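Residue strings, one per chain:
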Amino acid sequence: MPKDSSISSILIIGSGPIIIGQACEFDYSGSQASRSLREEGIEVTLINSNPATIMTDKVVADNVYLQPLEPESIIEILNKHKIDAVLPTMGGQTALNLCIKCDEMGIWEDYGVKIIGVDIKAIEITENREEFRLLMDKIGVGMAPQATAKSFLEGKEVAQKFGFPLCIRASYTLGGAGASIVHDPKEFDGLLERGLQLSPIHEVMIDKALLGWKEYELELLRDSNDNVVIICSIENFDPMGIHTGDSITVAPAMTLSDTTFQKMRDMAIKMMRSIGNFAGGCNVQFAVSPDEKEDIIAIEINPRVSRSSALASKATGYPIAKIAAKLAIGYHLDELKNQITKTTSALFEPTLDYVIVKIPRWNFNKFPGTNRELGLQMKSVGEVMGIGRSFQEALQKACQSLEINRNGLGADGRELTNQNEILHSLEHASWNRLFHIYDAIKLGIPFKTIVEKTKIDIWFLKQIEDLIKLERKIEKFHVDNLPKDLLFEAKQKGYADRQIAHLLRCLESEVYNKRREFGINRVYKLVDTCAAEFEAQTPYYYSTFEYENESIVTDKKKIVVLGSGPNRIGQGIEFDYSCVHGVLAAKECGYETIMINCNPETVSTDFDTADKLYFEPVFWEHIYDIIQHEKPEGVIVQLGGQTALKLADKLSRYGVKIIGTSFESLDLAEDRGRFSKTLEANNIPFPKYGVVESAEQALELADELGFPLLVRPSYVLGGQKMKIVINKEELEHHVVDIINEMGSNQILLDHFLSGAIEAEADAICDGENVYIIGIMQHIEPAGIHSGDSYAVLPPYNLGDFVMTQIEDITKKLAVELKTIGLINIQFAIKDDKVFVIEANPRASRTVPFIAKAYDEPYVNYATKVMLGEKKVTDFNFNPRKEGYAIKIPVFSYEKFPDVKKELGPEMKSTGEAIRFIKNLKDAFFTKVYSERNMHLSR
């Protein structure tokens with residue numbers, strides 16, 4: 001059936017600010033859906049309150065509304081535009097909840113708007129635990145023994161009936177909020193009360209906990225003709241009891257028999273059909289008994305594009321959100337093309353001749369004292385994905401992508417050897433359990449013990465044991481006498497050169513030279529959805545060590561853009577926004593664009609964003625091999641946050657051209673000693689400072705600088721380990737803490753300007769000319785990390801004298817640092833005197849916010865400046881809009897109920913929202929402003 005001709009305009013509801021449990025995977029889904037609908041000539045209107053995403057950029061939709069996700073905003077849009085249909089399945093639970101609320105209020109009916117892509121009744125059935133249980137019982141799909149409770153008394157009765165351990169799940173919540181496993185009856189009352197409070201309808205489902213069962217997910221698509229395809233099977237490495245967002249996952253499923261997979265497939269299709277008649281995406285989760293019977297029970301079904309949909313799309317190359325959007329407007333699967341082959345239909349199930357491994361990324365270090373044990377409530381802030389020809393290769397590549405100072409899984413001298421600590425970690429899963437499983441096997445702890453404590457399938461453990469056996473073989477040799485076949489085997493299993501160097505007791509460069517001598521080189525394979533059965537048209541690659549290379553190098557001039565790796569606090573989706581705009585700008589300038597990134601949640605890793613996508617770790621060895629293969633004009637590092645910047649030094653030393661601001665200038669800004677001398681030479685005020693490398697030096701310097709002091713390591717992101725100290729005891733303790741955690745990093749001590757106002761400026765510079773794109777004033781005083789502060793654009797009460805100083809310093813410093821591209825400078829203002837806190841000649845966290853506030857593609861302009869295609873004076877910048885934009889930090893403290901909710905120099909927010917006001921008398925602004933000195937916590 002062709003598309004529904006009655007639909008010419010669609011409203012897409014976004015997911016709002018990034019929070020734990022709902023991150024940038026919905027930015028990816030919403031962006032892809034919007035492009036898909038616009039291809040069909042449909043006018044797309046989009047509402048979202050998140051300024052940091054590419055989704056809210058005018059390159060994505062025809063009309064973008066950066067407004068609160070509330071019914072009032074929906075009514076305002078419907079009064080301005082003739083909307084035929086609403087697509088609420090691309091914005092996670094937030095969008096679905098808003099859609100239901102508007103439906104209950106009669107808004108869609110009043111304005112003649114159809115709901116497409118999902119059935120409201122399907123949402124209600126799947127979110128209402130009791131209704132869902134009854135439906136599954138009716139269609140013969142097994143579930144764990146469970147019952148709903150709408151009161152404390154009902155919950156106690158269920159617990160008495162089932163016995164412990166129990167699983168509590170709150171209805172209508174996100175990311176497992178309010179969910180917990182209860183082993184001890186003494187803990188039940190408090191956790192039951194919490195679940196009832198967090199559920200918007202004050203309802204929980206209490207299940208008999210199936211601890212140790214294996215967990216699987218299937219991603220499905222269905223069209224209005226009831227054709228259903230299974231896009232991907234995903235197996236959780238971790239067993240039931242750990243939220244799937246916090247579990248290591250593998251695709252395709254590794255330990256599932258074909259008979260059980262076929263049963264699971266049939267059950268998933270039956271479940272999808274039973275909950276409603278809708279066309280679109282669906283995610284179904286199952287548990288399978290860890291025995292020969294492989295009994296299957298259903299856990300839940302999500303009738304929308306889910307967190308796993310982005311992963312499944314990147315894993316298979318099948319663009320789920322893009323196809324789901326077309327199905328929602330009436331197309332059938334057999335009428336749509338496979339986006340990878342361009343010749344076959346979308347009515348097919350992808351076949352993988354490779355393996356993907358997803359590993360979550362956590363930020364527990366931002367929340368000292370919190371419970372780090374993983375459970376039913378999601379705590380990770382991001383994820384990485386590795387692609388390899390085997391599970392082992394994909395696992396090593398995923399570990400190399402995490403940016404946690406590990407070179408992969410093992411072979412880096414950082415093993416834990418304390419048996420009691422290892423055994424505790426195996427039983428109480430946290431962010432590092434994978435590494436401790438490796439340590440346990442290496443130490444000789446029996447498999448029986450490891451399986452008993454982790455409940456992880458022995459197949460995965462055998463794969464890790466095989467890696468350890470290989471390491472022991474390699475250790476018997478030196479680099480000079482290492483056999484070729486052993487080196488080739490190590491590379492095929494994903495080992496990095498520096499891991500092999502550790503085993504051989506030599507330099508990384510010696511291993512690199514050895515493999516070049518042996519002719520052991522990386523080759524690149526296509527992600528083609530069909531295991532090479534049909535020719536693929538889309539250049540989406542991963543690396544491995546074989547003999548046939550499928551990445552054909554063109555003779556076009558090329559630019560590599562380094563991505564920002566996994567999302568984490570301090571480096572989030574804002575940098576993916578910048579990378580995407582960098583790619584688009586370079587394309588406009590006639591360059592072939594090459595994207596390197598390992599984050600499956602992002603738009604930058606969509607197969608049609610850059611001309612070539614290498615889904616690889618943003619890790620030296622992988623990047624350098626791609627550069628050697630492609631031979632680009634240069635590499636853009638200033639858009640990918642600290643991840644990309646940290647590679648600038650080595651790229652420069654290896655003769656690779658850094659596009660835009662040079663490494664020397666980037667390093668000058670990071671080196672506090674040299675930077676302060678630059679400020680001094682230009683008569684630019686800055687707080688008194690010093691650089692130390694030990695606690696003794698810090699105590700001596702404190703006498704000279706005076707308290708309070710701002711203590712921070714250099715070369716870090718998001719204010720990591722930054723703290724204000726008020727006496728020598730605090731100073732000594734914090735400096736020792738930094739040295740223990742971060743090694744020989746230089747430590748900076750600044751005299752802290754108590755009571756100062758904080759502001760920041762972003763600018764574009766071409767080396768001579770400077771254009772200030774925005775100056776923001778923080779509502780909180782200095783001492784609160786800029787990412788955690790409310791900020792107002794333009795400033796709300798800085799006088800002309802102060803503004804002139806900020807503008808003069810920004811222009812002078814941008815030129816002095818020889819900036820080519822973007823620069824962010826942070827200021828403290830005290831007694832009308834402006835002090836420079838720091839300067840970062842790169843894309844900052846605030847650039848997308850300013851770009852949305854002023855409706856200007858600043859990263860696009862800056863990229864053209866970096867490439868030497870434009871001067872700052874070549875752009876016709878828009879006149880500034882009247883009114884103010886407020887940046888609102890958003891936190892995920894509910895995931896860490898035991899942590900102190902106090903703000904300080906280290907960033908803790910996970911996302912941000914934007915709010916526009918006409919004047920400073922606006923009620924929202926006056927409320928925020930009046931509260932700023934009453935309490936500095938959110």
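Worth saying up front: this structure is predicted, and the values here are computed from it rather than measured.

S.K.: I'm lost on the layout of surface pockets in this one. Help?
M.R.: As a volume, the second largest pocket reaches approximately 970 Å³. Considering the residues around the second largest pocket, the lining is formed by 34 residues, among which I181, H183, E373, L374 and G375 are closest to the centre. Contributing elements (two or more residues each) for the lining of the second largest pocket: β8 (180–182), α8 (185–198) and α15 (447–454). For the lining of the second largest pocket, a count of residues per class yields 12 nonpolar, 10 polar and 12 charged.

S.K.: What is the right way to look at the pairing of strand β7 (residues 166–170) in this model?
M.R.: Two faces make up the sheet, and in a regular strand the side chains alternate between them. Taking burial as the measure, the 5 residues of β7 include 5 buried ones, the bulk of the element. Of the two faces of β7, the one carrying L166, I168 and A170 and the one carrying C167 and R169 are both buried. Examined bridge by bridge, β7 and β8 share 3 bridges and lie antiparallel to one another. Residue pairing across strands places L166 opposite V182, the latter belonging to β8. The sheet contact formed by β7 and strand β9 (residues 204–208) spans 5 bridges and is antiparallel. Note that in β9 the partner of I168 across the bridge is I206.

S.K.: It is not clear to me how the pattern of salt bridges should be interpreted in this structure. Could you clarify?
M.R.: Opposite charge on two side chains allows them to pair when their charged atoms are near. Following the criterion strictly, the structure yields 54 salt bridges and no others. The closest approach of N and O atoms between K80 and E76, which form a salt bridge, is 3.3 Å. You can see K80 and its partner E76 sitting in helix α2 (residues 71–80), 4 residues apart, about one turn around the helix. Residue classification places K80 among the exposed positions, given a relative accessible area of 53%. In this structure, K493 and D466 form a salt bridge, with 2.7 Å as the shortest nitrogen-oxygen distance. Here K493 is found in the loop between α17 (484–492) and α18 (497–504), whereas its partner D466 is found in helix α16 (residues 458–474), with 27 residues between them in sequence. With relative accessibility at 28%, the residue D466 sits in the partly exposed group. One salt-bridge network, held together by shared partners, links R35, E39, E40, K322, K326, D606 and D608.

S.K.: Mind showing me how you'd approach helix α20 (residues 573–588) here?
M.R.: Helical geometry: 3.6 residues make up each α-helical turn, so side chains three or four residues apart lie on a common side. With 16 residues, α20 should cover 22 Å at 1.5 Å per step; its first-to-last C-alpha distance of 23 Å lies within 8% of that length. In terms of residue burial, α20 counts as a mostly covered element, since 13 of its 16 residues are buried. Positioned one or two residues after α20, G590 has a phi angle of 90°, which is positive.

S.K.: Can you help me understand the sheet that holds β8 in this one?
M.R.: Backbone hydrogen bonds are what pair the strands of a sheet, in a parallel or an antiparallel way. Ordered in space as β6-β9-β7-β8, the 4 strands form an open sheet in which the pairing is antiparallel. Sheet topology places β6 (146–149) and β8 at the edges, where each strand pairs with a single neighbour. On average, each strand axis in the sheet is inclined to that of its neighbour by 25°, with strand direction left out of account. With 4 bridges joining them, β6 and β9 adopt antiparallel strand pairing. Across the sheet, the residue bridging to A147 is I206, located in β9. Running at roughly 165° to β6, helix α7 (residues 152–162) makes contact with β6, β7 and β9 of the sheet.

S.K.: Just to check I follow, could you spell out the packing of aromatic side chains for this structure?
M.R.: For any two aromatic rings, the description comes down to two numbers: the centre-to-centre distance and the angle of the planes. Throughout the structure, instances matching the rule amount to 29 aromatic pairs. Ring centres 5.0 Å apart and planes at 75° place the aromatic pair Y524 and Y614 in the edge-to-face group. Placement of the pair is Y524 in strand β17 (residues 523–526) and Y614 in strand β21 (residues 612–615), with a sequence separation of 90 residues. An aromatic cluster is defined as three or more aromatic residues linked by ring pairs; in this entry it consists of F364, F367, F891, Y893 and F896. Positioned above the aromatic ring of Y28, the side-chain terminus of K314 is 4.1 Å from the ring centre. A cation sits over an aromatic face here: R498 above F619, 4.7 Å from the ring centre.

S.K.: Any chance you could explain empty space enclosed by the protein here in plain terms?
M.R.: If a probe the size of a water molecule is rolled over the atoms, the empty space left behind becomes visible. Applying the stated criterion across every chain, the model contains 11 cavities of 30 Å³ or more. Forming the walls of the second largest cavity are 35 residues, and the residues nearest its centre are G176, H243, Q285, E300 and N302. Among the elements of the structure, α5 (120–127), β7, β10 (214–222), β13 (280–288), β14 (296–302) and α10 (307–316) are those that each provide at least two residues to the lining of the second largest cavity. Of the residues in the lining of the second largest cavity, the class split is 12 nonpolar, 15 polar and 8 charged.

S.K.: Would you explain unusual backbone geometry in this entry?
M.R.: Outside of glycine, negative phi angles account for most residues, and trans bonds account for most peptide bonds. Of note, the amide linkage connecting A251 to P252 takes the cis form, showing an omega dihedral of -5°. Inspection of the secondary structure assignment puts P252 in the loop between β12 (249–251) and α9 (258–275). Despite not being glycine, N405 shows a phi value in the positive range, around 65°. Note on placement: N405 falls in the loop between α12 (391–401) and α13 (419–427). You will see that D831, though not glycine, has its phi angle at about 55°, which is positive.

Cut-offs and rules
Numbers given to residues run from 1 along each chain, matching the order in which its sequence is written. Where local features are concerned, this predicted model is filtered to residues with pLDDT of at least 70; where side-chain atom pairs are given and counted, the filter is 80 or more; whole-chain, interface and lining totals use all residues. Remark: hydrogens and water are excluded; side-chain values derive from all non-hydrogen atoms of the structure. Residues are said to line a cavity or pocket when one of their atoms sits within 4 Å of a point; the points come from a 1 Å grid over protein atoms alone, cavities being sets where a 1.4 Å probe fits but cannot get out and pockets being open sets with protein on both sides within 12 Å along at least five of seven lines. Grid points are joined across faces, edges and corners, and a volume is the space filled by probe spheres set on the points. Secondary structure elements follow DSSP: runs of H or I no shorter than four residues count as helices, runs of E no shorter than two count as strands, and numbering proceeds from the N terminus. Three categories are distinguished: nonpolar for Ala, Val, Leu, Ile, Met, Phe, Trp, Tyr, Cys and Pro, charged for Asp, Glu, Lys and Arg, and polar for the others, with Gly belonging to the last. For each residue, the accessible area found with a 1.4 Å probe, counting protein chains only, is set against the maximum for its type, and the residue is called buried under 20%, exposed over 50%, and partly exposed in between. DSSP calls a pair of strands paired once it identifies at least 2 bridges connecting them. When a carboxyl oxygen of Asp or Glu lies within 4 Å of a side-chain nitrogen of Lys or Arg, that pair is called a salt bridge. Here, expected helix span is obtained from the residue count minus one, scaled by 1.5 Å. Here, axes are lines fitted to C-alpha atoms. For helices the fit covers the stretch in contact, and angles between N-to-C directions go from 0 to 180 degrees. Note on contacts: a residue pair is in contact if any heavy atoms of the two residues lie within 4.5 Å. Side-chain rings of Phe, Tyr and Trp (the six-membered ring for Trp) are treated as a pair once their centres are within 6.5 Å; stacked means planes under 30 degrees apart, edge-to-face means over 60, and tilted covers the remaining angles. Charge over a ring is defined by NZ of Lys or CZ of Arg lying within 6 Å of the ring centre and within 35 degrees of the ring normal.

In short, geometric facts, not functional conclusions.
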